[in-house]
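For reference, the chains in residue letters:
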Amino acid sequence: MATLSVKPGQRYTLPDWHTNSHLISADAERQRSASHQVRQEARTLCNETNNQTKWVEHNNQTRLAERISSVNRWKETLDKCLADIDVEIDALAKVKEAAERALQAKNLPLDVSIDCLMLRESRRAIDLVRDPVEEELHKEVKVIDKAKRELQQRVDEVFRQLCLLQEARQQLSCDHRRKTEALEIDRVCLSLNVNSPNISFKVNPTRVPDGSTAPDEWEQNSQRNKERAEAEMKASTELREATVLAIAQTNNELEAQRVATEFALRKRIRDLERACDELKWQERNTLEEIAEMEGDIRRLEEDLRRKVQDLKVAHTRLEIRTYRPGVELCRDQVQYGLTDETHQLEGTIRALKLKLAESQGALNALYRQLHRIQTDVGYKAGSLVLDNKCMDSRRKLTVSTEKLVPEVDAFNRTTNRELSPLKNGQLEL
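First things first, this report covers the structure right here in the doc. Everything quoted here is computed from the prediction, not taken from an experiment.

### Regarding helix 2 (residues 107-120)
Because each turn of an α-helix spans 3.6 residues, side chains separated by three or four positions in sequence point in the same direction.
Here comes step 1: Here helix 2 is 14 residues long and its end C-alpha atoms lie 20 Å apart, about the 20 Å a rise of 1.5 Å per residue gives.
Here comes step 2: Here helix 2 has its buried residues at Pro-109, Leu-110, Val-112, Ser-113, Cys-116, Leu-117, Leu-119 and Arg-120.
Here comes step 3: Among the structural elements, helix 1 (14-105), helix 3 (132-191), helix 4 (215-321) and helix 5 (333-394) are those in contact with the buried residues of helix 2.

Structure follows, in structure tokens:
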């Protein structure tokens, strides 16, 4: 009785029980069907997402590989362009050094020409003449000044072109460095997979970074840098050729002018030597003529003394015969003869005195001419010494012009040899 004190629960009928069993079975069937449907859909979704993920990853891997290949091609292009521009910079720098050496080498000919002009200013009197040598020396100074101005202009142009080449190389180097960094980044990205240790979630990874460029802009930037470098290299090549040509042309002009000046100087030296020889010959002949004239003057003076003595004798005879006595004072033939002798001797003495004065004048003129000849010989000897000094000074210019011109290779038009030690020493001098 104690166990039946609790009120029993609701009682179900047997149909209810069967109905409940059928409901549970139906719900189980329905749930299993829904679960099967979900499982099938999940498997399909997994397969589809796996395939899609693999294809997307594969495509991105391919895109990364293609991008790496594209960047690498541009990097190789920039490598070649950098190598070419380095070669061109070296070649242009060598041409600049050659132009500077040629410009410096013009100082010696200019100093020599000015030295020759200053030396020839020491000529005296009639020898201080504006002869062809002086004209050629002035021409030489003008040619050297013109060559120095042209070479200085070429050096300035080459310097500016070197700056442009360095600027273009800087842009190429910057682009090359960035592409190298981009290649490293993309290769790291290409090497990543699900097992990589350094993968993680990032904050807003799909954002567009500031300064991003479009592929066309990227391509155009590299193409622009390459084209500018090529344009500067082309301009540099033309400038190198023009500079080498200018060096050769100025050296040839200077050499031609040097030859013309030395030819005129040698001709002037020969003329001076001939003039000196002619004057010395005249001096010898004049000295001989002076000696003969002095001898003739001595003979004239001796004859004049004898004629004076003869006149004295005639005068004495006439005077003594005036003392004859009386009729003996006769104008006989002796008187007439002595009178004629006196007149003849007086005329002879006058003629001798005139001729003696004329001879003395001629002797004085000979002495003046001798002094003039000797003075002119001294002037010309001094001029000859000065011109020979000019020739000695110009021996420093006997270096051939070809040694001043850098040899240029016909293929790449770059200097391929250095100046000889002799030339370097002379340029330093």
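Here the narrative resumes, following the displayed structure.
### Quick look at the side chain of Thr-286
Here comes step 1: Summarising the element assignment, Thr-286 is placed in helix 4.
Here comes step 2: We classify Thr-286 as buried; its relative accessible area is 8%.

### Section: the environment of Lys-312
Here comes step 1: Counting through the fold element by element, Lys-312 comes out in helix 4.
Here comes step 2: In the structure, Lys-312 is positioned 30 residues away from Thr-342 in sequence and 8.9 Å away in space, judged by C-alpha atoms.

### With respect to the pattern of salt bridges
Here comes step 1: Summed over all chains, the structure comprises 30 salt bridges.
Here comes step 2: Its salt-bridge partner being Lys-75, residue Asp-79 comes within 3.5 Å of it at the nearest N-O pair. Separated by four residues within a single helix, Asp-79 and Lys-75 lie in helix 1, roughly one turn from each other.
Here comes step 3: One salt bridge in this structure joins Arg-324 and Asp-332, with 3.6 Å as the shortest N-O distance.
Here comes step 4: Within this structure, Arg-123, Arg-130, Asp-131, Glu-134 and Arg-268 form a network of salt bridges that share partners.

### A few points about the packing of aromatic side chains
Here comes step 1: A full pass over the atoms with the stated rule returns zero aromatic pairs.
Here comes step 2: Above the ring of Trp-218, the side-chain terminus of Arg-67 is found at 3.9 Å from the ring centroid.

### A look at the packing of helix 1 against helix 3
Here comes step 1: Where helix 1 meets helix 3, the axes come as close as 8 Å, and the angle between the chain directions of the two elements is 160°. Between helix 1 and helix 3, the angle falls in the class roughly antiparallel. Classified by chirality, the crossing of helix 3 by helix 1 is left-handed.
Here comes step 2: In the contact of helix 1 with helix 3, the residues fall into 25 nonpolar, eight polar and 13 charged.

### With respect to the side chain of Arg-258
Here comes step 1: Looking at where Arg-258 falls in the secondary structure, it is placed in helix 4.
Here comes step 2: Classification of Arg-258 as buried rests on a relative accessible area of 11%.
Here comes step 3: Among the polar contacts listed, one links the side chain of Arg-258 to the side chain of Glu-255, at a separation of 2.4 Å.
Here comes step 4: Leave out the neighbours within four places in its chain, and Arg-258 touches Glu-140, Arg-394 and Leu-397.

About the criteria used
Residues numbered from 1 in each chain as written. Predicted model: local features only at pLDDT ≥ 70, side-chain atom pairs only at ≥ 80, totals over all residues. Heavy atoms only, no water. Helix = DSSP H or I, 4+ residues; strand = E, 2+ residues; numbered from the N terminus. Expected span 1.5 Å × (residues − 1). Buried < 20%, exposed > 50% of the residue type's maximum accessible area, 1.4 Å probe, protein only. Contact = heavy atoms within 4.5 Å. Salt bridge = Lys/Arg side-chain N within 4 Å of Asp/Glu carboxyl O. Phe/Tyr/Trp six-rings, centres within 6.5 Å; stacked < 30°, edge-to-face > 60°. Lys NZ or Arg CZ within 6 Å of the ring centre and 35° of its normal. Axes fitted to C-alpha atoms, helices over the stretch in contact; angles between N-to-C directions. Parallel < 35°, antiparallel > 145°, perpendicular 65-115°, else oblique. Left-handed = near helix turned anticlockwise from the far one by under 90°. Nonpolar A, V, L, I, M, F, W, Y, C, P; charged D, E, K, R; others polar. Polar contact = N/O pair within 3.5 Å; in protein donor to acceptor, adjacent residues only side chain to side chain.

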